[in-house]
Amino acid sequence: PRTVRACFTAIAFDKTKAQSTIDTLKSLLEFYSFLEANKASGAPYNVQHDTIAELDALMSNDYQSDYQFHRDLYQTFSQLGDGHTGYSLPSGYGSCNAFQPLRIAVSQPSTTDNSLQVIVGPPLAPELEEGYKALWGVDLTQYEGDEVLSIENTDPVEWIKAYAQQFPLSKDASINFNSVVSGELGIPLFNFHDPGIMPLNDSLKLTLKNAGAIDINYMVYCDPDVASTSVSLEQANSNVTAHTCSMSKRHSSPSSPRSPFKQPQPDTPTYHEQRRNKIFQQIGLDTDFDVDTTINIDGDLGTRLDRQTVVGRRGKWMISKARENMVLLKLYTFDWTSVNTFPDLIFIMNHLTEAYADNQNDILVVDIQQNNGGEGCIGHLLAQLLKRDLYTPGDSVFRKTDGWTTYLDGSVFGFYGATDTNEILQTATELYNARNITRVGWGLENATYSQKLSFCYEYVCGDDSCPFYASFVNNVPFYPQHQIVLLSDGVAISTAALFVKEFEGTGVTKVGLGGIPGQPMSMSFSVGGPVFVSLDGMFQTLGCTPDGALMNPPFPEFQYFTSDIRFSFAASVEPMWPDKIGEFYRNSPDIRLPLWPVNQTSDDIYISLFDALGQGASPSPSPAGDTNGDSDDSSSSYYKNVTIVLGTVLGFSVAVLLLVLIVLIIVVVVQLGLLARQQVSDDL
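Computed from a predicted structure; not experimentally measured.

Trainee: Requested: an account of helix α8 (residues 173-181), with residues and values cited.
Mentor: Most of α8 sits out of view: 8 of its 9 residues are buried. Residues of α8 that are buried include every one of Ser174, Ile175, Asn176, Phe177, Asn178, Ser179, Val180 and Val181, and no others. Residues of α8 that are buried sit in contact with β3 (104-107), α7 (156-166), β21 (509-513), β22 (525-527) and β26 (591-593). Two or three places before Ser174, at the opening of α8, Asp172 has a side-chain oxygen 2.9 Å from that residue's backbone nitrogen. Backbone geometry just downstream of α8 places Gly183 in the positive-phi region, at approximately 135 degrees.

Trainee: Would you mind going over the sheet that holds strand β7 (residues 212-217) in detail, with residue names and values included?
Mentor: Spatial ordering of the open sheet is given by β5-β6-β7, a layout of 3 strands whose pairing is antiparallel. Every other strand in the sheet has two partners, leaving β5 (148-151) and β7 as the edge strands with one partner each. Within this sheet the neighbouring strands show an average axis-to-axis angle of 30 degrees, counted without direction. Along the sheet, α7 contacts β5 and β6 (203-208); its crossing angle with β5, the most-contacted strand, is approximately 45 degrees.

Trainee: Residue-level account of helix α19 (residues 604-613), with values.
Mentor: Along α19, the residues classified as buried are Ile605, Tyr606, Leu609, Phe610, Ala612 and Leu613. Buried residues of α19, viewed axially, fall in a sector of 160 degrees; they line one side. Among the structural elements, β11 (317-323), β12 (326-331), β13 (363-367), β19 (484-488), β21 and β26 are those in contact with the buried residues of α19.

Trainee: Describe the pattern of salt bridges, with residues and values.
Mentor: Applying the stated rule across the entire model yields 11 salt bridges. Taking the shortest distance from any N to any O, the salt bridge between Asp202 and Arg2 comes out at 2.7 Å. In this pair, Asp202 sits in the loop between α8 and β6 while Arg2 sits in helix α1 (residues 2-9), placing the two residues 200 residues apart along the sequence. On the basis of relative accessibility, which here comes to 57%, the residue Arg2 falls in the exposed class. Among the salt bridges present, the one from Lys387 reaches Glu502, with a minimum N-O distance of 3.5 Å. Of this pair, Lys387 sits in helix α12 (residues 376-387) while Glu502 sits in the loop between α17 (495-501) and β21; the two residues are 115 residues apart in sequence, bridging distant segments of the chain. Neither Lys387 nor Glu502 differs from the other in exposure class; each is buried.

Trainee: Tell me about the environment of Tyr218, residues and numbers included.
Mentor: Relative to the helices and strands, Tyr218 is located in the loop between β7 and β8 (219-222). Taking relative accessible area as the criterion, Tyr218 reaches 8% and is therefore assigned buried. Residues Tyr218 and Ser203, spaced 15 residues apart in sequence, show a C-alpha to C-alpha distance of 5.3 Å.

Trainee: Run through the confidence of the model for the chain, naming residues and quoting values.
Mentor: Looking at the chain, pLDDT values average 75 and 68% of them are 70 or higher. The low-confidence segment residues 458-463 (pLDDT under 50) makes 17 contacts with residues lying over four places distant or belonging to another chain. Confidence drops under pLDDT 50 across residues 615-653; counting only partners more than four residues distant or on other chains, this segment forms 83 contacts.

Trainee: An account of the sheet that holds strand β1 (residues 86-88) is needed here, citing residue identities and associated values.
Mentor: Adjacent strands of a sheet form backbone hydrogen bonds with each other and so pair up, either parallel or antiparallel. Strand order in the open sheet formed by 3 strands is β1-β24-β23, with antiparallel pairing between adjacent strands. Unpaired on one side and paired on the other, β1 and β23 (531-532) mark the two borders of the sheet. Pairing geometry for β1 and strand β24 (residues 564-568), over 3 bridges, is antiparallel. Residue pairing for β24: Ser88 is matched across the bridge by Asp564. Contacts from helix α4 (residues 66-78) reach β1 and β24 within the one sheet, and its direction differs from that of β1 by about 160 degrees.

Trainee: Mind laying out empty space enclosed by the protein, listing which residues take part and the relevant values?
Mentor: Empty space left among the atoms is revealed by rolling a probe the size of a water molecule over them. This model, assessed by the stated rule, comprises 5 cavities of 30 Å³ or more. Of the voids in this model, the second largest cavity is the one considered here, and its volume is about 120 Å³. Along the walls of the second largest cavity sit 17 residues, with Tyr45, Ser524, Phe525, Ser526 and Glu583 positioned nearest its centre. Among the elements of the structure, α17 and β22 are those that each provide at least two residues to the lining of the second largest cavity. Top element by residues in the lining of the second largest cavity is β22. It accounts for 3 residues.

Trainee: Can you break down the pairing of β7 residue by residue, with the values?
Mentor: Summarising the sheet, β6 and β7 pair through 6 bridges and their orientation is antiparallel. Residue pairing across strands places Leu204 opposite Ile216, the latter belonging to β7. Taking the residues between adjacent antiparallel strands as the criterion, β6 and β7 are bridged by 3 residues.

Trainee: Requested: an account of unusual backbone geometry, with residues and values cited.
Mentor: Going from Ala43 to Pro44, the amide bond is cis rather than trans, its omega being 5 degrees. Inspection of the secondary structure assignment puts Pro44 in the loop between α2 (15-28) and α3 (51-58). In the Ramachandran plot, Asn46 falls in the positive-phi region, its phi being about 55 degrees despite a non-glycine side chain. Tracing the sequence through the fold places Asn46 in the loop between α2 and α3. Taking relative accessible area as the criterion, Asn46 reaches 44% and is therefore assigned partly exposed. Unusually for a residue other than glycine, Ser526 sits at a positive phi of about 50 degrees. Tracing the backbone through its elements, the reader meets Ser526 in strand β22.

Trainee: Help me get a handle on the packing of α2 against α3, residues and values and all.
Mentor: Relative orientation of the contacting elements α2 and α3 amounts to 175 degrees, with a least axis distance of 10 Å. One element, α2, and the other, α3, form an angle in the roughly antiparallel class. On the side of α2, the interface is formed by Ile22, Leu25 and Lys26, while α3 contributes Ile52, Leu55, Asp56 and Leu58. Among the residues making up the contact of α2 with α3, the classes are represented as 5 nonpolar, no polar and 2 charged.

The rules behind these values
- Residues numbered from 1 in each chain as written.
- Predicted model: local features only at pLDDT ≥ 70, side-chain atom pairs only at ≥ 80, totals over all residues.
- Heavy atoms only, no water.
- Buried < 20%, exposed > 50% of the residue type's maximum accessible area, 1.4 Å probe, protein only.
- Helix = DSSP H or I, 4+ residues; strand = E, 2+ residues; numbered from the N terminus.
- Contact = heavy atoms within 4.5 Å.
- Polar contact = N/O pair within 3.5 Å; in protein donor to acceptor, adjacent residues only side chain to side chain.
- Pairing = 2+ DSSP bridges.
- Axes fitted to C-alpha atoms, helices over the stretch in contact; angles between N-to-C directions.
- Arc of directions from axis to C-beta.
- Salt bridge = Lys/Arg side-chain N within 4 Å of Asp/Glu carboxyl O.
- pLDDT = per-residue confidence, 0-100.
- 1 Å grid on protein atoms, 1.4 Å probe; cavity = no way out; pocket = protein on both sides within 12 Å on 5 of 7 lines; lining within 4 Å.
- Points joined across faces, edges and corners; volume = space filled by probe spheres on them.
- Parallel < 35°, antiparallel > 145°, perpendicular 65-115°, else oblique.
- Nonpolar A, V, L, I, M, F, W, Y, C, P; charged D, E, K, R; others polar.

Next up, the structure:
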């Protein structure tokens, strides 16, 4: 890393270019949903960041290099803990990726307290082990299974917790902890840094129980065509490609009901997939190495591997008989296809219906660990099909700003449609002007939003699939809610978070894995909503007219660097609390299990879950008063195994018996009263 850092810091800081970058970022944030809310979000996360003021403050720093300035920009957005919001370093810096190859694992020993044990996990990848041995002559496999006593002379758990908060993936400390250990959508953050972010040291110091003190060297890969010299690096940083409107015809026409909730082009990987694939390709790994090999198959909608296993196209989902009395629906993503995803839903529901018919006592486990989100309407509708409550509106709101009004009238965005509460299709402009909602309680400033309702209804029912959905919900026998379990390690973003929130207030049980013992944890983060996934996506949506012309004035863009930015341009509303924005409220699990899986495809997770559900222990409630998962109280009994089906059935049975007993008592009392009155009457 020191060699790369020296190359990076050789590029001098240019205050004029830096100020231009700051000005551009400030203009782009006119469209950021949470600009006011981040100043004082309140409980449970208590975010307090005035991003505009922090950007201005950067210009008072005495930077010695351009790299230091861009790293601080990265940190300014990273510290918001918003998985949808981030600043990417210029492409020259981003052509270098730092990683360290020693995997760590976390487990909870068989003790009564909440202590954790950190050990060296299985090899991250054979290629990394071989490369490390070739460079430094050390065989890393010798450390597998050894207990980690300290990292950088600090308790390993405390070090991981602090490390996770340096560049937080979410606002939730437990999710950040899990992301370091288990991964961010497949990439353990203990092992991989974001592109261009170099570690401050050249190695990581660990003390192992058996091997003693060791130093693990960081490894850096740089694209030789970009980062061979500081001169070529600076050229790559400044080589801005002009935006055009050539892609505008791929956007929805005025007659199309498709919502603007994310705009991936056909078969284009998401930001996280691009990041993962780029890193893996550079170090010689198969981009699918972290995915169960059983899903790498060809097929149209899906392929039945056997009577008990069905896999979706391109391995985006899987249904299997995980074990006796348990059916698994594994959702790797909601970005299933760019054409028509609704046949996938029919395919999934048909096979789940078959599984339920085979054994109506089975538990249905819906696993969204490491789910990277996707099309909002798909997650919205699938949740409604599973809980059998169709057509509940999905609400999202825009901030009302001068910037929005500039681009709503003539841009492509102005022609996106959504439906109001009367299921009438309206343009974005009409919806923007229709309703105002002021959110209170956000510090000194309140954000005023214009509501956009039922964003999925027209999209969902604009084809022939609706009769199937309605018929299914009303007529087809399916798993009752108390037999459905939602499973997550918290590292589930965007549409996955929207999917989770759809189950609030239902009989579906939410089970969370891992996290920081004694502290709350959410099931997901960055609840789904409209997101500009890149500056180019913003330009295409806002800067181009429906006929493919460039708007005047053009959409602001970076003038000097190949930096990029992404953020939410509207905010999802809490399903059960329509006066709250979902980004700032925890969707807590009903149950926490002490499992920190290193291998996210391991059957051990499901075995442990099934064992926990069958033990009949009493439930572990959220901390006292945490009805919305907003409390930060810790609880020594936070991890307790429970039974779902038996507990629900027995609880219901007891309630019924009590009700019958009460009715019988009332009947007896009434009869005795009547007899007494009759006796008195006879005596008279």
